[in-house]
Structures are given as C-alpha cells and as structure tokens.
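The chain contents come next:
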Amino acid sequence: MRPVINSSDSDDEIPLAEYQNKKIAYVQGPGSGGDVPVRSDEGQPISTKDIQPSGNGGHPPPAVKDEKVVNNGVKNEDRNAAGGGGESSSDSDDDVPLSKRIADLSSTIRVKKKKKEVPTEKRKAKKPVTNRELKKPRKSTGGGNSSTAEIRWTTLEHGGVLFPPEYVPHHVKMLYDGVPVDLTPEQEEVATFFAVMKETDYMSKPIFLENFWDGFKGVLGPNHRIQCLEKCDFTPIYDWHMAERERKKNLSKEEKLRLKEEKEAKEAGYKFALIDGKKEPVGNFRVEPPGLFRGRGEHPKMGKIKKRIYPRDITINIGKGAPIPTHPFPGQDWKEIRHDNTVTWLAYWKDPISPKDFKYVMMAATSSWKSEEDLKKYEKARKLKDYIEGIRSTYTKNWTSTDRKERQMATALYFIDRLALRAGHEKEEDEAETVGCCTLKCENIECIPPCTITFDFLGKDSIRYENSVEVEPQVYENVKTFLKVDGAGRQKTGNDQLFDEMDAQDLNVRLKELMDGLSVKVFRTYNASITLDTLLSDASKEETVDGKKAEYDRANKEVAILCNHQRSVPKTHSAQMEKMEAKMAHMQKEMKDLLKDLKLSKAGKPCLNGRNVSVDIIKGRIERKRAQIVKQEITAKNKEELKTVALGTSKINYLDPRITVAWCKRNEVPIEKVFNKSLLSKFLWAMDVEPSFKF
DNA sequence: TCTACAACTTAGTACCACCTAC
DNA sequence: GTAGGTGGTACTAAGTTGTAGA
C-alpha cells in the first residue's frame, strides 16, 4: 500500500471568505497559450454559455515539464490564515458561521452512490419488470450512439451462430491420491478444462484454485471419491492434451489443408449477413466454448466454470420474414426470436460468469455499420478540437470554484484531458478492483512538493498506471485537499475515493453541456489523434521508406505511452536480446578487423586474410558494416523500448486513420507499410483523404 | 433523480500461419 | 528443410455510455 501524504501546509479546505470579493485574476490555462480571465468568486457550474467553439484548432496536451502557471491570486498562506476545513455550496451564505455551514453541508451534500452496498441478489429481488422481460425492444444506446431509437436496418438476414463441437471424451484418467479415477464425460470435461491450464500463472492463484474446486466439486457430486483438490493429479490429461497438440501440428500438409477447408465450409453460412440487401461481414459468430473463466488481474471469479451455451440460451435478432437460423440441437428452440431494427446485434446470450451481462454477436470491424461508427467517433473528436480551448479555460476557472463538487470535476477533467485517463465507474464486489480517474482512491495518489503528483493504480485489465507529473499549483492544492478530508470534513483514509463528491456520470452530464455528444472517452480519442497529427505534421526528415516507417512508429509509440497501452514482455524477449547482443559483439569484432585491414592496405601490405585488397574496397566494407551496426543498434533499442508497449491498440481504436493515410501520401510511404490487411479494410473509408488532411 | 440495464467500444493475450535466416 | 521469430487474427474480458423506468 502506498503512503498517503497528508501534508500539513495549506491543505485545509479553502474558506469561503477567500472567494468573496475577489477581483478577476488571470490564469494561464494548461497549454491554452493565453491568459484566461477567471473570476475567483465564481462557484456556479460550467454552463454551455461559457463554452463556444474557438474555431482555431486544438493542440496536444501540454508537455509535462513545460507548464508555467500564474496562480490565481489565492495564496496558500492566505488560505491557512483564514482557517479552513469547510466550504459552501453557494456564494450567498458567507455570513453563516462556518461550523453551521459545515453542518448544513453534511446534510445536503449528496452521498456518493454506493452500488456495492446493495448486493446483486438483493437488487435482483426488487428488480422491476424490464423491457427485456416484456420482450419490448429498447432504444439503441451505448458508446457513441445517438440518443434516440434510430432505425438501423430495414431487412436483416443471417445464419445465426456456430456452436462449438460437443465434448468428446478422451478417457484419459486423472489421478487422485496417486490412483486413477473414473470420471463421467461431464466430469472429465471439467477436469480437462483445468488440466490444460497447468502451465499458466492461474495455477498459482488461490482464488482460481478455490473457484475451480467449488465448480468441480459440484460436478463430481457430494459422495465422490475426489474430496480435495490437493490430492488431484491432472498430469495424465495434460500430457494427453500436449500429445494431441503435437499430433495436430505434425499432420501432413494435405491433411491440414483438408481440415482447413472443412472448417471454412462449416463457417461459410455464418460469415456474412444481408443488411438491407447488402452482404456484410459478421464478427464473432462462434458461440464461446465452455471452459474456465480467465479473468484478468485479481478477478474474484477466475477459475469458475463457464458452462456450455445452447440454442435455448440464445436470443436471435433477425428481420421479420427472414428465414430463422437453424441449429444442430434437435428438440431445442432458440430462447427468443426478435425483430429489433434499432440495434445492431445479431444474437446474444447471458454471460454464464456474470449473468447480469450479455454476450453479443455483432458485425465485423470491417462492416459498414462499424465503419460509419468509426467515422462518427473521429469526427466527434475533431469537433472537440474546436471546443477544447474553451473547455480548458472553463475547467481551469473551476479549480477555484467554491463548490467542492465543481472543483473536483474540474480537477478530474484536467487529469482526463492531460493524461488521457479513462472515466472510471463504480464497480461491483464481484469484479476486479480496478479504477479510473473518477474512482481513484487516495492511496493511488501522492503529492510531492512543490507541485508533483504521482499516480499508481490498476486500470482497465488490471494494467498498472504509474506516472509522475508536475501539475498546476491550483490542481496540486486541490488534490492535497481532496486527499485529506471529505465534503463533510471527515478525515480520509487510503481506501477512500479522491473525488468523493462526483462520479463519471456527473462528469459526462456536464460535458454534454459543454459540447453536444461529448463524453470522457472522447478526450482519449482526441488527445491520441491530435498527438499523432502534431508529431507527424512536419515533413519527414528520413530519406528511406524504412526510416519514415520508424518515424511513424515513434509517433505511434508516444500515443501508446500516453494511453498506457501495455503488453506483457514476450517470453522470448531476454533470449532474443542476448542473441542480438552476441550478434552486435560479432559485428564490432568484424569492424575492428576491417579497420586493421585498412591500416595494412594503406601501408601496401596484404590484409589479414593474406590478400591484397584496395583501400577503397575496404572503406566500402567499413561503411556497410557501420550501417549494419547502426541498424542493429536501432533494432535492439526499439525492441527493448517496445517490450512492454502495445502499438496496435491505439492504431485500431484511437488514431484517426486519415492522419496516417495523409501522412503516407505526403511522404510517399505505401499505406501497406503502416496498416496491415485488416486495418486496411477496417479503414477503407479513410483512404481517399487529401494529403493535406489535418485532424 | 437515481440506477440497472443494454449495447456498444476498447483491450490484452493466445495461437497459428507465414516468413526469414541459416 | 527447419527453427525461430513475427505479425495477424480470433477470442473474449473489461471497459464506457445513454436511457428506461421506478
């Protein structure tokens, strides 16, 4: 657990008096390039009238070290001198005693939503009848969609879903207490789920083992010989599994081809849907096979059995009058057939691990629907460019709002904008404990004087976010305050939320007021794309296509680091680095020999290999070797630097492809150098962009 | 106004096919 | 021809968001 610094200087709540009768101070917004008038007595929420499109283009988030801030005139000492600890939610109660105001506030301050306090079961018990249960279609919602029930299709035909093959027993016996055990096919299947994970890290995780044992015990029944996991030995099944893998690997070319053709023939009927008469690719048409849940990080459900999904579990969405898809389970019906033309899913079933969630079958990333949504997403992020200056000056202004919630929202938004953090929503107890900006806990933050804040938390997918940034003095002061006490003046502990007055939803509601359709996630797209655009805006200094590609990759890497896109170090990384070092040492030796040869040649003596070689030839060899060494050095450096950075995620999700296409056109780099086949078809809509395109 | 969905996007990883160097 | 590396792809977990309905 990281220590929480509750610095004693100036970390009290800013007294109301400080906010009264202030003249307009000037604050330089982060990277805004100009002084922004700030009325320090302003406590009202940001409103749409505060923000107008600036129309002069956006800019990437300011560099960490470059921010120079003129403070807003509220000195720390002044705050301390005036006492603190309380604050008001309005400007008009300044003559009410502070203690009274605090007391009033504690009764009026909205208690932060605590979903976790209502167990899922209880919620279910009082769950109202939903649209779903009434079998009425809901309006289309979700990431970036329009807020009205938009008609997405008129006719829709598809082949449904492809089921994984039924379990075929292998009859390999696991051992219990050293003795082979007979298992039913169902028990054997579950034992095999576990056995094949023998070499994974999950095996060292107690939660995984505990959850698996719970599930396995249930499948075995109460009177089974197997009574504890410790005495189980799954090695024979694991060995069988590895042998099967090896056997499949060693199949003849012809046999592999035959199997491939068989697989393709099976899939053919599912790969495409007909949407309004147009053939479009379907994405995940396969039903997820049963197995053990592989939650990431310390997921409390890891190891639970993911049961097999049958037609009776699946709801199909298809056009009225279109042929209902068939399935290979006689005697079973689909759970339901819908004709909901306001949604884009083709089928769904309840997630067997988390029954409140659903698994959807959707169209492929290359489909027209997804392409249209992609374009909309990037256009929205481009629109933010016109508003960003106003938004930045507004949140800067609100760092000193008298309303604590406003101050928290303004501070959170600064982090979201500057550091490309995710929103962060409340999580249930049965999910991994990860956080985003709005759910940061005090223990995730450390204030280091004079103005540095360090972040250390587990974000999406339990990926660690570690960063240390120099922030505006007012942000620093705010964070120190938020770390110390909550809105009611109660001392906080490490497990308390930093932003106790607001959540992601509040912030999104506010963002909507600032720009139509704006939400937290748009900032990530905007900042990623504008960063790439800025880094690639100058004409390439490189001459070769490879050099230009490396330049692009460097820009891509900057974005990946900004978005904290990480990957685990490849298993073979250290071995590969060692090989490269050995190769480098060998090349250095060759270089040494060539230099010796050059000396000998200049002296008219035969070279080390006994032959007479001209000075020019040796010089040529030296140049080539030097180039090889430089190339090798760059490759090794890149490899090391990128060992934990995932470049693909930002390319797929955050970087407006038009920036890349335009850059390729300007610099005469074939687009295939930067986009692989699937990215090319995903971003087909971006290919006609002008070389002069600016995000 | 609050919150539980419902529907979508974003994300890392495993695996496999292909390529390249030897 | 083969081993090892690389990149593509499939998979599915884990987020975000908007809205219905209480």
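All of the points below concern the structure found in this document. Being a predicted model, the structure only gives us computed values, none of them experimental. (Residues numbered from 1 in each chain as written. Chains lettered and ligands numbered in written order. Predicted model: local features only at pLDDT ≥ 70, side-chain atom pairs only at ≥ 80, totals over all residues.)

1. Side note on the overall build of chain A
Then, number 1: Within chain A, the secondary structure is distributed over 19 helices and 17 strands.
Then, number 2: A buried classification covers 31% of the 695 residues belonging to chain A.
Then, number 3: A separation of at least 24 residues holds for 70% of the contacts in chain A among residues at least 6 apart in sequence. (Helix = DSSP H or I, 4+ residues; strand = E, 2+ residues; numbered from the N terminus. Buried ≥ 20, exposed ≤ 12 C-beta atoms within 10 Å, placed from the backbone. Contact = placed C-beta atoms within 7 Å.)

2. Thoughts on the sheet that holds strand β14 (residues 358–361)
Then, number 1: Across the sheet, which stays open at both edges, the four strands sit in the order β12-β11-β13-β14 with mixed pairing between neighbours. The open sheet has two edge strands, β12 (336–338) and β14, and neither has a second partner. Sheet twist, expressed as the mean angle between neighbouring strand axes with direction ignored, is 20°.
Then, number 2: Here strand β11 (residues 314–317) runs beside β12; their pairing, made up of three bridges, is parallel. (Pairing = 2+ DSSP bridges. Axes fitted to C-alpha atoms, helices over the stretch in contact; angles between N-to-C directions.)

3. Thoughts on the sheet that holds strand β16 (residues 452–458)
Then, number 1: Ordered in space as β15-β16-β17, the three strands form an open sheet in which the pairing is antiparallel. With partners counted over all chains shown, the strands left at the sheet margins are β15 (445–448) and β17 (464–470), one partner each. Averaged over all pairs of adjacent strands, the angle between strand axes in this sheet comes to 10°, irrespective of strand direction.
Then, number 2: Across four bridges, β15 lies against β16 in antiparallel orientation. Bridge pairing in β16 places Cys447 opposite Ile453.
Then, number 3: Lying over the sheet, helix α11 (residues 473–484) contacts β15 and β16, oriented at roughly 130° with respect to β15.

4. With respect to unusual backbone geometry
Then, number 1: Across the junction of Pro449 and Pro450, the peptide omega takes the value 5°, indicating a cis bond.
Then, number 2: Considering the arrangement of structural elements, one finds Pro450 in the loop between β15 and β16.
Then, number 3: A positive phi angle is found at His171, which is not glycine, with a value near 65°.
Then, number 4: Tracing the backbone through its elements, the reader meets His171 in the loop between β3 (156–157) and β4 (175–176).
Then, number 5: You can call His171 exposed: it has 10 C-beta atoms within 10 Å.

5. A few points about the environment of Ala347
Then, number 1: Along the chain, Ala347 turns up in strand β13 (residues 347–350).
Then, number 2: A sequence separation of 122 residues divides Ala347 from Arg225, and the C-alpha atoms of the two residues are 41 Å apart.
Then, number 3: Setting aside its immediate chain neighbours within four residues, Ala347 contacts Gly160, Val161, Ile314, Thr315, Ile316, Asn317 and Val361.

6. Regarding the packing of helix α9 (residues 368–398) against helix α10 (residues 404–419)
Then, number 1: At a closest axis distance of 8 Å, the pairing of α9 and α10 adopts a crossing angle of 135°. The orientation of α9 with respect to α10, classified from their angle, is oblique. Crossing angle aside, the handedness with which α9 passes α10 is left-handed. Side by side, α9 and α10 meet where Arg392, Tyr395 and Asn398 of the first sit next to Glu406, Arg407, Ala410, Leu413, Tyr414 and Asp417 of the second.
Then, number 2: Its residues assigned to classes, the contact of α9 with α10 shows four nonpolar, one polar and four charged. (Parallel < 35°, antiparallel > 145°, perpendicular 65-115°, else oblique. Left-handed = near helix turned anticlockwise from the far one by under 90°. Nonpolar A, V, L, I, M, F, W, Y, C, P; charged D, E, K, R; others polar.)

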